[in-house]
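# Coordinate inspection notes
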Amino acid sequence: MAPSGYRLTALLLTWLSLTELIVSTQALSYPSNRHRPLILPLSLTPHDSSASSSSSPSHERDHHRRRLHNSELSRSASARMRLYDDLLSNGYYTTRLSIGTPPQEFALIVDTGSTVTYVPCSNCQQCGKHQDPRFQPHLSSTYQPVKCNAHCYCDTAGKQCTYQRRYAEMSSSTGVLGNDLVSFGNESELTPQRAVFGCETVETGDLFSQRADGIMGLGRGYLSLVNQLVEKHVIDDSFSLCYGGMGVGGGAMILGSIASPTGMVFSHSDPQRSPYYNIKLKEIHVAGKPLKLRSSVFDGRHGTVLDSGTTYAYLPAKAFLAFRDAIINNVRSLKKIQGPDPNYHDVCFGGAGWDIAKLSEVFPKVDMVFGNKQKLSLSPENYLFKHTKVPGAYCLGVFENKNDETTLLGGIIVRNTLVTYDREKNKLGFWKTNCSELWKQLEDTGCPTPAPLVPQNHNTTPAVSPSLAPSGLPPNSFPVEFRVGVIMFNMSFSIKNSSWKPNFTEFEELIAHELGMNTAQVHLLNFTSSGNQFLAEWAIFPADSADYISNTTAVNIITRLRDHHVQLPERFGSYQLVEWKIEPQKERTWWQRNYLAVAAVASVALFLTLTSIALWFVWKNNRQQSGSYKPVGVTIPEQELQPL
């Protein structure tokens with residue numbers, strides 16, 4: 001698998017405590033009873049170390065084409081923003097949510113396994129460095145603390161309700177509960193609504209180190225944001241998620257009900273079975289053949305759980321071994337190779353090729369059969385992730401759920417799949433589609449035009465100019481054949497203290513850290529100043545071990561700069577991205593590509609030449625010695641003396 005941090009991320013948001021905190025949300029005014037779907041964009045928070053995974057965005061295709069019909073999705077209010085993701089790099093999707101008056105915006109992980117929405121509080125005693133500033137209750141004119149009552153645990157002063165959430169990998173979130181206006185985007189028809197949320201005072205583990213600000217809880221529970229909106233009668237008891245494909249990005253979250261598209265398959269979800277969103281999984285087929293397993297293997301402990309806060313899929317031991325062996329037996333033409341992290345025994349295959357569109361020609365189709373005999377077909381992108389060190393190699397994104405009989409299905413399983421969580425009818429629906437295009441279609445027409453499930457091919461992907469204007473949004477991704485050689489950008493900023501001069505070395509280290517790069521990759525090309533105004537020209541080069549910068553990394557860098565997600569110390573003041581451009585990887589000359597081979601041939605030729613000369617000298621010396629020997633008594637011809 002990817003580095004160990006990814007595996008922790010996969011488990012981070014899996015199991016919350018079974019004991020729910022029941023908190024009085026106080027009497028709130030109810031708006032008119034309009035059940036409007038609320039559509040929110042999903043984005044993957046840029047990773048502060050790589051990138052993901054794992055993982056530039058490249059295009060992924062499924063070999064089936066599904067089409068949206070005009071009557072299949074209801075027209076609804078929309079709050080659209082351009083989306084980027086790389087499931088491998090970050091392991092979670094975020095959406096932008098605003099709290100308070102005036103609104104304070106946060107990047108929150110969309111998590112169907114959590115029932116509390118929480119953000120770091122301004123007085124947090126132990127909170128990490130996240131994407132946005134902490135929530136400041138005193139700056140919100142509508143903030144109200146949830147007063148201590150008989151239905152909650154109280155703080156030490158006995159004045160305010162508290163919450164606490166602990167997770168399987170030992171991370172935790174602790175804080176107080178507040179009540180404030182929550183906004184869902186400027187383009188949403190749903191007006192801001194009051195909701196109870198957590199204001200963190202202590203974070204530990206991955207919650208402390210992650211880039212995202214907090215969690216948006218969509219699970220079943222009194223504090224779930226969905227529950228609160230349903231109780232207020234502003235949405236129906238349903239919501240939908242749609243995740244983009246492998247390295248492509250995009251997606252949408254719809255709070256409220258939508259009409260089920262033609263071809264959507266359903267599975268019953270039993271809220272009495274477990275507190276999580278479960279499905280009735282009975283069989284798994286690989287290349288059309290069912291795994292030799294009892295159906296009860298998928299019904300252990302919590303059953304089969306779908307959790308958007310988990311990255312990969314985890315099967316009980318017997319099911320995992322059967323699935324792994326079936327995949328291996330169907331890809332005998334590929335070479336098994338070591339995974340990207342030697343600490344894990346990942347199942348990886350080399351030689352699958354660069355063209356992600358052709359993965360379905362190499363890897364088998366997988367079907368999940370539900371209790372009602374309906375099947376969800378998975379393409380390779382739904383169970384594979386890209387090898388981060390070997391081009392054209394892929395690894396299984398399905399792992400053994402050790403010491404637990406629960407079947408846990410994370411975000412990888414539902415890439416390019418619209419998933420409807422119909423809580424009112426206790427069922428989950430699945431529909432294969434192009435999630436990266438779904439949002440745009442909903443925004444443009446409300447009645448989506450036909451869109452293929454697969455991403456655009458090389459002929460339809462817009463060409464990337466060597467110089468891109470910053471006024472436009474960065475592309476979702478670049479053509480597969482386009483390799484980024486260098487990223488150049490100009491950054492202007494104003495320093496508050498006119499007597500202070502920036503330390504260039506420190507500046508490079510700060511930019512490298514904020515963009516998730518090695519310091520050696522970041523170069524300050526030029527620096528000019530006029531009073532308190534400074535203009536810095538930067539260049540980002542590939543790592544020493546790489547010939548180019550991955551597409552995902554390039555898009556994330558420009559996006560972070562454009563959206564002001566790069567956090568500089570206060571002494572640097574505010575900054576603005578003035579101009580940026582991306583240069584393609586330079587074509588290497590014949591000599592650069594073959595100098596090692598030429599040097600090797602020259603060395604061998606020199607060695608052979610020197611060896612031949614040495615052998616010739618030895619042969620000549622031996623011949624001279626044998627020719628100078630004369631037997632005794634042999635007449636020697638007289639030599640005429642030369643005159644003096």
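On a predicted model such as this, the values are computed, not experimentally measured, just so you know. The residue numbering used here restarts from 1 in each chain and proceeds along that chain's sequence as written. In keeping with the predicted nature of the model, local features appear solely for residues at pLDDT of at least 70, side-chain atom pairs appear and are counted solely at 80 or more, and the whole-chain, interface and lining totals rest on all residues. To get the side-chain values, take all heavy atoms of the structure and skip hydrogens and water.

## Describing the confidence of the model for the protein chain
What counts is decided by this rule: The pLDDT value expresses, per residue, how confident the predictor is, ranging between 0 and 100. Contacts are assigned to residue pairs with any non-hydrogen atoms lying within 4.5 Å of each other.
Per-chain confidence: the protein chain averages 76 in pLDDT, with 71% of residues scoring 70 or above. Note on residues 1-37: pLDDT under 50 across the span, and 143 contacts to partners over four residues away in sequence or across chains.

## Regarding the pairing of strand 13 (residues 251-255)
So the rule is basically this: We call a residue buried when its accessible area falls under 20% of the maximum for its residue type, exposed when it is over 50%, and partly exposed in between, using a 1.4 Å probe and counting protein chains only. The secondary structure listing takes helices from DSSP runs of H or I that are at least 4 residues long and strands from runs of E that are at least 2 residues long, numbered from the N terminus. Paired strands are those between which DSSP finds at least two bridges.
The element strand 13 is largely enclosed, with a buried count of five among its five residues. Of the two faces of strand 13, the one lined by Gly251, Met253 and Leu255 and the one lined by Ala252 and Ile254 are each fully buried. Bridge analysis of strand 12 (residues 238-243) against strand 13 gives four bridges, and the strand direction is antiparallel. Note that in strand 13 the partner of Phe239 across the bridge is Leu255.

## Notes on the pattern of salt bridges
Applied cut-off: Here, a salt bridge means any Lys or Arg side-chain nitrogen found within 4 Å of an Asp or Glu carboxyl oxygen.
The full count for this structure, using the stated rule, is seven salt bridges. We note a salt bridge from Glu105 to Arg96, for which the minimum N-O separation is 3.1 Å. The residue Asp132 makes a salt bridge to Arg96 at a minimum N-O spacing of 3.0 Å. You can see Asp132 sitting in the loop between strand 5 (118-120) and strand 6 (144-145) and its partner Arg96 sitting in strand 3 (residues 94-99), a full 36 residues away along the chain. As far as burial versus exposure is concerned, Asp132 and Arg96 are alike and both buried. Residues joined in a network through salt bridges with shared partners are Arg96, Glu105 and Asp132.

## Comments concerning the sheet that holds strand 33 (residues 575-584)
Our working definition: Comment: axis = line fitted to C-alpha atoms, over the contacting stretch for helices; angle = value between 0 and 180 degrees taken between N-to-C directions.
If you trace the four strands from one edge of the open sheet to the other, you get 31-32-30-33, paired in antiparallel fashion. Strands with a single pairing partner mark the edges of an open sheet, and in this sheet they are strand 31 (522-530) and strand 33. Strand-to-strand twist across the sheet, computed as the mean angle between neighbouring axes with direction ignored, equals 15 degrees. With eight bridges connecting them, strand 31 and strand 32 (residues 533-540) associate as antiparallel partners. Each residue of the ladder has a partner; that of Asn526, found in strand 32, is Glu537. Seen against the sheet, helix 8 (residues 504-515) touches strand 30 (484-494), strand 31 and strand 32 and runs at an angle of roughly 120 degrees to strand 31.

## Side note on the sheet that holds strand 19 (residues 313-315)
One open sheet holds the five strands; their spatial order is 15-18-27-19-26, and the pairing between them is mixed. The strands lining the two open edges of the sheet, one partner per strand, are strand 15 (278-279) and strand 26 (398-400). Across two bridges, strand 19 lies against strand 27 (residues 407-409) in antiparallel orientation. Bridged to Ala313 within strand 27 is Leu409.

## So, the state of the cysteines
Basically, it comes down to this: Note on terminology: disulfide denotes any pair of cysteine sulfur atoms within 2.5 Å.
Throughout the structure, instances matching the rule amount to six disulfides. Through a disulfide, Cys148 is tied to Cys154; the S-S separation comes to 1.6 Å. Linking Cys148 and Cys154, the disulfide has an S-S dihedral of approximately 75 degrees and is accordingly described as right-handed. Of the residues examined, Cys154 reaches a relative accessible area of 32% and is grouped as partly exposed. Sequence-ordered numbering of the bonded cysteines in the protein chain yields a pairing of 1-8, 2-3, 4-6, 5-7, 9-12, 10-11.

## As for the environment of Leu409
Take Leu409: it is sitting in strand 27. On the accessibility criterion, Leu409 (2% relative accessible area) is buried. Residues Leu409 and Ser308, 101 residues apart in the sequence, show an inter-C-alpha distance of 8.3 Å. Apart from the residues within four sequence positions on either side, Leu409 is in contact with Ile279, Thr304, Val305, Leu306, Asp307, Tyr312, Ala313 and Met368.

## Examining the side chain of Asn382
Our working definition: Pairs of N or O atoms within 3.5 Å make up the polar contacts considered here, provided that, within protein, one atom can donate a hydrogen while the other can accept it, and that residues adjacent in sequence are counted only when both atoms are side-chain atoms.
On the secondary structure map, Asn382 appears in the loop between strand 23 (375-378) and strand 24 (384-386). The exposure class assigned to Asn382 is buried, which follows from its relative accessible area of 0%. A distance of 3.1 Å separates a polar atom in the side chain of Asn382 from the backbone oxygen of Arg415. There is a polar contact of 2.9 Å between the side chain of Asn382 and the side chain of Lys432. Once residues within four sequence positions are removed from consideration, Asn382 is found in contact with Ile412, Ile413, Val414, Arg415 and Lys432.

## Quick word on the nonpolar core
To keep it simple, the criterion reads: Buried Ala, Val, Leu, Ile, Met, Phe, Trp, Tyr and Cys residues form a nonpolar core when they are joined through side-chain atoms within 4.5 Å.
Counting residues in each nonpolar core, the largest one holds 84 residues, and the members touching the most others are Leu255, Phe323, Phe363, Tyr383 and Phe430. In terms of residues, this core owes the most to one element, helix 5 (residues 317-329), which gives six residues. Dropping the residues within four chain positions of it, Tyr383 is found in contact with Phe323, Ile327, Phe363, Pro364, Val366, Leu378, Cys395, Leu396, Gly397, Val398 and Ile412. Counting 26 residues, the second-largest nonpolar core is a separate cluster that includes Phe507, Ile549, Ala554 and Trp580.

## Overview of the packing of aromatic side chains
Rules: In summary, the pairing rule links any two rings of Phe, Tyr or Trp, Trp by its six-membered ring, whose centres are within 6.5 Å, and it sorts them by plane angle into stacked for under 30 degrees, edge-to-face for over 60 and tilted for everything else.
Taken as a whole and assessed by the stated rule, the structure comprises 17 aromatic pairs. Taken together, a centroid distance of 5.4 Å and an interplanar angle of 50 degrees make the contact between Tyr312 and Phe385 tilted. Here Tyr312, found in the loop between strand 18 (304-306) and strand 19, pairs with Phe385, found in strand 24; they are 73 residues apart in sequence, far enough to count as distant. Taken together, a centroid distance of 6.0 Å and an interplanar angle of 90 degrees make the contact between Phe323 and Tyr383 edge-to-face. Within this pair, whereas Phe323 is found in helix 5, its partner Tyr383 is found in the loop between strand 23 and strand 24, the two being separated by 60 residues in sequence. For the pair Phe323 and Tyr383, one class covers both residues: buried. One aromatic cluster is present, built from ring pairs that chain together Phe106, Phe135, Tyr143 and Phe197.

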